[in-house]
Amino acid sequence: MDWTRDDAVLGFERSTDGWDADMECYPHVFEWDGRHYLLYNGNEFGRHGFGVAILDDV
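Not measured: the values here are computed from a predicted model.

Student: In this structure, what is going on with the overall build of the protein? I would like to understand it.
Tutor: On a plain count of helices and strands, the protein comes out with one helix and three strands. In the protein, the succession of α and β elements from N to C terminus is β-β-α-β. Across its three principal directions, the C-alpha atoms of the protein cover 35 × 30 × 20 Å. Counting contacts in the protein only where the partners sit at least 6 residues apart, residues at least 24 apart contribute 12% of the total. On the protein, roughly 5300 Å² of surface is accessible, and the fraction owed to carbon and sulfur atoms is 52%.

Student: Where do I start with the pairing of strand 1 (residues 25-32) in this structure?
Tutor: A regular strand carries its side chains on alternate faces of the sheet. Bridging between strand 1 and strand 2 (residues 35-41) involves six bridges; their strand directions are antiparallel. Pairing of histidine 28 across the sheet is with leucine 39, part of strand 2. Joining the antiparallel neighbours strand 1 and strand 2 is a turn of two residues, in which aspartate 33 adopts a positive phi near 55°.

Student: What exactly am I supposed to notice about the pattern of salt bridges here?
Tutor: Tallied over the entire structure, the rule returns two salt bridges. Put simply, aspartate 56 and arginine 35 hold a salt bridge, and the shortest N to O gap is 3.1 Å. You can see aspartate 56 sitting in the segment after strand 3 (50-55) and its partner arginine 35 sitting in strand 2, a full 21 residues away along the chain. Using a relative accessible area of 60% as the deciding quantity, one classes aspartate 56 as exposed. Accessibility expressed as a relative area gives 37% for arginine 35, which makes it partly exposed.

Reading guide: rules and limits
- Residues numbered from 1 in each chain as written.
- Predicted model: local features only at pLDDT ≥ 70, side-chain atom pairs only at ≥ 80, totals over all residues.
- Heavy atoms only, no water.
- Helix = DSSP H or I, 4+ residues; strand = E, 2+ residues; numbered from the N terminus.
- Contact = heavy atoms within 4.5 Å.
- Areas by Shrake-Rupley, 256 points an atom, 1.4 Å probe, with all protein chains shown as cover.
- Pairing = 2+ DSSP bridges.
- Salt bridge = Lys/Arg side-chain N within 4 Å of Asp/Glu carboxyl O.
- Buried < 20%, exposed > 50% of the residue type's maximum accessible area, 1.4 Å probe, protein only.

In short, the description is geometric, and any link to function would need to be established separately.
Here it is in structure tokens:
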């Protein structure tokens, strides 16, 4: 199988500054109460925080 990475299709844009500008890592996708969420760590493997993204269009 061959994979082609296409970040633009996700609509998940990287920050230009702040706690997740240099690194976004260890994602975890889950569904809760009918909605889809993405948790991820920021800079320095989450040392400066973690984020939550919510998928609106399914």
